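Listed here are the chains, written in short residue letters.
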Amino acid sequence: MPELPEVETTRKGVASLLTSRRLEAVDVRESRLRWPVTLPAELPGQVLLGLDRRAKYLLFRFQRGTLILHLGMSGSLRVLPAEAPYLKHDHVIFHFEGGRTLRFHDPRRFGSLHWQAGEPVAAGEHWLLAHLGPEPFDPAFDGRYLKSRARGRRVAVKNFLMDSRIVVGVGNIYANEALFLAGVRPSLPAGRVSRAGYDVLAGKIREVLGAAIDMGGTTLRDFVNQDGNPGYFKQVLNVYDRAGQACRVCGETLKGLRLGGRATVFCPKCQKAQGFRRA
DNA sequence: ACTGGCTCCTGAGGGC
DNA sequence: TGCCCTCAGGAGCCAG
């Protein structure tokens with residue numbers, strides 16, 4: 001399940017292999033993704049100018065438009081020689097000049113592909129991207145911002161942080177981890193988290209995402225990096241998937257619950273209602 | 001304006 | 001060994 005670090009790792013890898021290459025053909029082998037895939041006839045023949053990212057969307061900048069790709073839950077991209085055999089669930093194949101192919105592989109088909117015509121910068125106007133909040137590494141994302149957006153909100157702070165209109169790129173794993181490191185209880189209504197709590201939270205979100213990006217992304221079951229090698233954990237996860245086990249800090253048994261339908265784990269001792277551990 | 005629940009889908013994992 | 005059941009999860013959508 002690609003989280004922001006996996007998407008960023010994929011972006012770097014694919015960009016290094018395909019930037020400045022001309023796309024010769026696109027083979028849509030399965031169009032039933034999250035939304036039906038419809039790509040324009042004008043796409044083949046264009047040169048890939050660069051690869052950007054907004055939230056977990058990858059933005060392939062072509063000469064006359066932008067291809068907007070989301071990996072969904074189980075999606076991955078690989079760059080392979082044209083003659084390499086296709087795998088089951090290789091849904092879209094992009095044939096680039098020089099015999100390289102980009103393959104979008106997505107067993108669960110929660111991923112998506114859209115085309116936004118026009119100058120590359122116009123991709124931000126696409127409806128998928130229009131209402132996204134700031135990137136975690138945007139200077140505008142800080143405790144003051146979070147506190148201002150949280151005023152009056154009764155939704156659990158964990159779900160608040162996972163709302164892409166508030167801040168993008170904070171998936172379930174990192175929401176759990178950041179809340180643990182900040183000492184904030186996930187179920188606390190967003191409006192009741194203190195300004196100090198949000199100051200620490202903003203920093204911890206950047207910390208856990210940044211560390212994972214630096215290491216090339218943590219990985220769970222489905223992630224395959226762009227070279228086709230299985231991913232692996234490098235970052236120690238303190239709470240995610242550890243319900244019932246001992247807190248690494250205090251030894252207390254970690255508790256699991258569901259918030260907004262998502263698996264949530266926290267330490268009852270380290271994560272007090274209002275408080276936060278020293279940064 | 002918010003909120004919580006639903007939806008898409010396949011493969012992994014547990015129980016027997 | 002194999003079958004069946006449950007469930008996970010990003011994020012848009014929608015009803016209340």
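Note: the structure precedes this text.
Keep in mind that what you see is a predicted model, and the values were worked out from it rather than measured.

*Asks:* It is not clear to me how the pattern of salt bridges should be interpreted in this structure. Could you clarify?
*Replies:* Should their charged atoms come close, side chains of opposite charge can pair. Going through the model one piece at a time under the given rule, you end up with eleven salt bridges. A salt bridge links Arg61 to Asp52; the nearest nitrogen and oxygen atoms lie 2.8 Å apart. With relative accessibility at 15%, the residue Arg61 sits in the buried group. Note that Arg78 and Asp90 form a salt bridge whose closest N and O atoms lie 2.9 Å from each other.

*Asks:* Please clarify how the protein's contact with DNA strand B should be interpreted in this entry.
*Replies:* If you check the shell around DNA strand B, you find Lys88, His89, Pro107, Arg108, Arg109, Phe110, Arg153, Arg154 and Val155 and nothing else. For DNA strand B, the backbone portion of the atoms within 4 Å of the protein, that is sugar and phosphate, comes to 70%. Between Arg109 and DNA strand B, the recorded distance is 3.0 Å, taken from a side-chain N or O atom to a phosphate oxygen. Contact between DNA strand B and Arg154: a phosphate oxygen at 2.4 Å from a main-chain N or O atom of the residue. Residue composition of the surface near DNA strand B, by class: three nonpolar, one polar and five charged.

*Asks:* Hey, could you run me through helix 2 (residues 143–150) in this one?
*Replies:* Count 3.6 residues to each turn of an α-helix, and residues three or four apart come out pointing the same way. Inspection of helix 2 places Gly143, Tyr145, Leu146, Lys147 and Ala150 among the buried residues, and these make up the whole buried set. Packing partners of the buried residues in helix 2 comprise helix 3 (157–161) and helix 5 (195–214). Two or three places before Arg144, at the start of helix 2, stands the capping residue Asp142, its side-chain oxygen 3.2 Å from that residue's backbone nitrogen. Positive phi shows up at Gly152, right after helix 2, with a value of about 80°.

*Asks:* In this structure, what is going on with the pairing of strand 4 (residues 65–70)? I would like to understand it.
*Replies:* Where burial is concerned, most of strand 4 is hidden: six out of the six residues are buried. What you see with strand 4 is no split at all: Gly65, Leu67 and Leu69 on one side and Thr66, Ile68 and His70 on the other are buried throughout. As paired strands, strand 3 (residues 57–62) and strand 4 are joined by six bridges and run antiparallel to one another. Directly across from Arg61, in strand 4, lies its bridge partner Thr66. Between strand 3 and strand 4, which pair antiparallel one after the other, the connecting turn spans two residues. Where strand 4 and strand 8 (residues 112–117) come together, six bridges link them in antiparallel fashion. Each bridged residue has a counterpart across the sheet, and for Ile68 the counterpart in strand 8 is His114.

*Asks:* Any chance you could explain the protein's contact with DNA strand C here in plain terms?
*Replies:* Around DNA strand C, the surrounding shell holds 17 residues, and the nearest of these are Tyr57, His70, Met73, Tyr240 and Arg262. The share of sugar and phosphate among atoms of DNA strand C within 4 Å of the protein is 59%. A distance of 2.3 Å separates a phosphate oxygen of DNA strand C from a polar atom in the side chain of His70. Arg262 is positioned with one of its side-chain polar atoms (N or O) 2.7 Å from a base nitrogen of DNA strand C. Its residues assigned to classes, the surface near DNA strand C comprises nine nonpolar, three polar and five charged.

*Asks:* What exactly am I supposed to notice about the nonpolar core here?
*Replies:* Nonpolar side chains tend toward joint burial in soluble globular proteins. Core analysis: the largest hydrophobic core is formed by 39 residues, its most contacted members being Leu146, Val157, Phe160, Leu161, Tyr198 and Leu201. Of all the secondary structure elements, the ones that give two or more residues to this core are helix 2, helix 3, helix 4 (172–182) and helix 5. Those residues in contact with Tyr198, other than ones at most four positions away along the chain, are Gly143, Leu146, Lys147, Ala150, Val157, Phe160, Ala190 and Val193. In this structure, Leu18, Leu48, Leu58 and Leu77 belong to the second largest nonpolar core, which totals 25 residues.

*Asks:* Would you take a moment to explain the pairing of strand 6 (residues 90–96) for this structure?
*Replies:* In regular strands, side chains alternate between the two faces of the sheet. The buried count for strand 6 comes to six of seven residues, which makes it a mostly enclosed element. Examined bridge by bridge, strand 1 (residues 23–28) and strand 6 share five bridges and lie antiparallel to one another. In the strand pairing of strand 6, Leu23 is matched with Phe96. Alignment of strand 6 against strand 7 (residues 100–105), held across six bridges, turns out to be antiparallel. The residue of strand 7 that forms the bridge with Phe96 is Arg100. The turn joining strand 6 and strand 7, which pair antiparallel and follow one another in sequence, is formed by three residues; a positive phi near 90° is taken by Gly98.

*Asks:* Please explain helix 5 as it appears in this structure.
*Replies:* For helix 5, which comprises 20 residues, the first-to-last C-alpha distance of 28 Å matches the rise-based estimate of 28 Å (1.5 Å per residue) to within 8%. When helix 5 is considered as a whole, its buried residues turn out to be Gly197, Tyr198, Val200, Leu201, Ala202, Lys204, Ile205, Val208, Leu209, Gly210, Ala212 and Ile213. As for helix 5, its buried residues are in contact with helix 1 (4–18), helix 2, helix 3 and helix 4.

Each value, and the rule that gives it
In every chain, residue numbers begin from 1 and rise along the written sequence. Here the convention is simple: chains get letters from A, ligands get numbers from 1, in the order in which they are written. Residues qualify for local features only when their pLDDT is at least 70, as the model is predicted, and side-chain atom pairs are given and counted only at 80 or more; totals for whole chains, interfaces and linings, by contrast, use all residues. To get the side-chain values, all heavy atoms of the structure are used, and hydrogens and water are removed first. Put simply, a salt bridge is a Lys or Arg side-chain nitrogen that is within 4 Å of an Asp or Glu carboxyl oxygen. For every residue, the accessible area obtained with a 1.4 Å probe (protein chains only) is divided by the maximum for its type, and the residue is called buried under 20%, exposed over 50%, and partly exposed between those limits. Summary of the distance rule: residues count as near a molecule or strand when at least one heavy atom falls within 4 Å of that molecule or strand. Contacts described as polar in this section are N or O atom pairs within 3.5 Å, which, within protein, must combine one atom able to donate a hydrogen with one able to accept it, while residues neighboring in sequence count only if both atoms come from side chains. Basically, the charged four are Asp, Glu, Lys and Arg, the nonpolar ten are Ala, Val, Leu, Ile, Met, Phe, Trp, Tyr, Cys and Pro, and anything else, Gly included, counts as polar. Every helix listed is a DSSP run of H or I at least four residues long, and every strand listed is a run of E at least two residues long, numbered separately from the N terminus. Contacts were defined at the residue level, with two residues in contact if any of their heavy atoms lie within 4.5 Å. For two strands to pair, DSSP has to find at least two bridges joining them. Among buried residues, the Ala, Val, Leu, Ile, Met, Phe, Trp, Tyr and Cys ones that are joined through side-chain atoms within 4.5 Å form a nonpolar core. The span you would expect from a helix comes to 1.5 Å times its residue count less one.

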